[in-house]
Amino acid sequence: MTRQIEFGEKFDSELLAHAPRVRLSRRGIIMGLAAGSVFPFVSGCATNAATGDSQLLLFGDDQIASMAATAWTDMKAQTPQTSNSKLKGRVLNIWDRTIKGAVKEGHINPNDQWDVAVFDTDDVNAFVMPGNRVGVYRGITELTENDDQISSVLGHETGHVVGKHAAERMSVSTAAQVGLMAGQIAVASSDELSKYGSTIGALGGAAVQFGVILPYSRKHELQADKLGVDYMHQAGYDVKQSVRLWELMAAQSTGARPPEFMSTHPDPLRRADELRTYINARGYALI
Ligand SMILES: [Zn+2]
């Protein structure tokens, strides 16, 4: 029985559980908005150089990294890491080659430091936390058939970092908490947030708590998949294996799965299809 087949989810609950609770009075919000200082650290809307997306970013990379520090420490304290040095070495080697692919693509600074852990559980999962912390579970390495598929997983996680998906999600949650008013401003200025606009509207301003869990959107997942393929290609891995990975995920998926349109997580086979189209369009391979 597979517990999780959508890698990347772990981070969400982990980080938000440790996020500082921000409570703002309505009056404070109105005054803050007027003064442009609800968040003294607002970096506002920015265009992501790697993806070209317009994003609402209320937090800087350093802030969000320090918020995740506790979650990462807890994670490592509570979850056993593999004692299989062969497995660990293999994952680290694939990581090294994949991240060099991202550097070659011009998306990652070669001087960046990363902390990669291989956890000894059956979870078919992997995740990335802000601050360049990457977790891979033994379970996903057992599902995969080759190094190329593991590279696909690691490239996907790197894609979340490059896409600044964590910072954007945190910003969306925060905007939801400060309410409809901030939400409407943000919706108008962010591609990603506009996808959540109706949800935020339906929940209503004051009722929305900071801790509301918004999973990575389909857009984020698909974008991370595609960025991952770019890095695999640069690293010299077989990009076709990314498609195969999602076919394996689909085959592993047991029990009732909500229809894809109802879920924020793309269906594995849809991901395989999207990747096939992307790989052909980029001319990486013909499949
Ligand atoms: Zn993901």
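In this text the structure is predicted, and so the values were computed from the model without any measurement.

## Thoughts on the coordination of the zinc ion
For a metal bound by four donors in a tetrahedral arrangement, the ideal donor-metal-donor angle is 109.5 degrees, while six donors in an octahedral arrangement ideally sit at 90 or 180 degrees.
Now for step 1: Bound to the zinc ion are the protein donor atoms His156 (NE2), His160 (NE2) and Glu221 (OE), situated 2.0 to 2.2 Å from the metal.
Now for step 2: Classification of Glu221 as buried rests on a relative accessible area of 0%.

## Overview of the pairing of strand β4 (residues 126-129)
Now for step 1: Side chains Ala126 and Val128 project from β4 onto one buried face, and the interleaved Phe127 and Met129 project onto a second face that is buried too.
Now for step 2: The pairing of β4 with strand β5 (residues 133-137) spans four bridges and is antiparallel. The residue bridging Val128 from the neighbouring strand is Val134, located in β5.
Now for step 3: Once β4 ends, the chain turns through three residues before running back antiparallel as β5, passing Gly131 with a positive phi of about 95°.

## Notes on the sheet that holds strand β3 (residues 115-119)
Now for step 1: As summarised here, the arrangement of the three strands in space is β3-β5-β4, forming an open sheet in which the pairing is mixed. The two strands at the open ends of the sheet, each matched to only one other strand, are β3 and β4. Shown here is a sheet whose adjacent strand axes are inclined to one another by a mean of 15°, direction ignored.
Now for step 2: In the packing of helix α4 (residues 85-104) onto the sheet, contacts are made with β3 and β5, and the angle to β3 comes to roughly 140°.

## Describing the environment of Gly155
Now for step 1: Relative to the elements of secondary structure, Gly155 occurs in helix α6 (residues 147-162).
Now for step 2: You can call Gly155 buried: its relative accessible area is 0%.
Now for step 3: C-alpha of Gly155 to C-alpha of Gly101: the two residues are 54 residues apart in sequence and 8.8 Å apart in space.
Now for step 4: Contacts of Gly155, omitting those with residues within four sequence positions, involve Thr98, Ala224, Gly228 and Tyr231.

## Quick notes on the packing of aromatic side chains
Now for step 1: By the definition in use, this model includes seven aromatic pairs.
Now for step 2: Residues Phe119 and Phe127 carry aromatic rings whose centres are separated by 6.2 Å and whose planes lie at 15° to one another, so their mutual orientation is stacked.
Now for step 3: Assessed through its relative accessible area of 0%, Phe127 is described here as buried.
Now for step 4: Pairing Phe127 with Tyr137 gives two aromatic rings, centres 6.1 Å apart and planes at 50°, and the pair type is tilted. Of this pair, Phe127 sits in strand β4 while Tyr137 sits in strand β5; the two residues are ten residues apart in sequence, bridging distant segments of the chain.
Now for step 5: In this arrangement the basic side chain of Arg97 is found over the ring face of Tyr237, its NZ or CZ atom lying 3.8 Å from the centre.

Procedures and definitions
- Residues numbered from 1 in each chain as written.
- Predicted model: local features only at pLDDT ≥ 70, side-chain atom pairs only at ≥ 80, totals over all residues.
- Heavy atoms only, no water.
- Donors = N, O, S within 2.8 Å, 3.2 Å for Na, K, Ca; no water.
- Buried < 20%, exposed > 50% of the residue type's maximum accessible area, 1.4 Å probe, protein only.
- Helix = DSSP H or I, 4+ residues; strand = E, 2+ residues; numbered from the N terminus.
- Pairing = 2+ DSSP bridges.
- Axes fitted to C-alpha atoms, helices over the stretch in contact; angles between N-to-C directions.
- Contact = heavy atoms within 4.5 Å.
- Phe/Tyr/Trp six-rings, centres within 6.5 Å; stacked < 30°, edge-to-face > 60°.
- Lys NZ or Arg CZ within 6 Å of the ring centre and 35° of its normal.

Taken by themselves, the reported measurements are silent on function.
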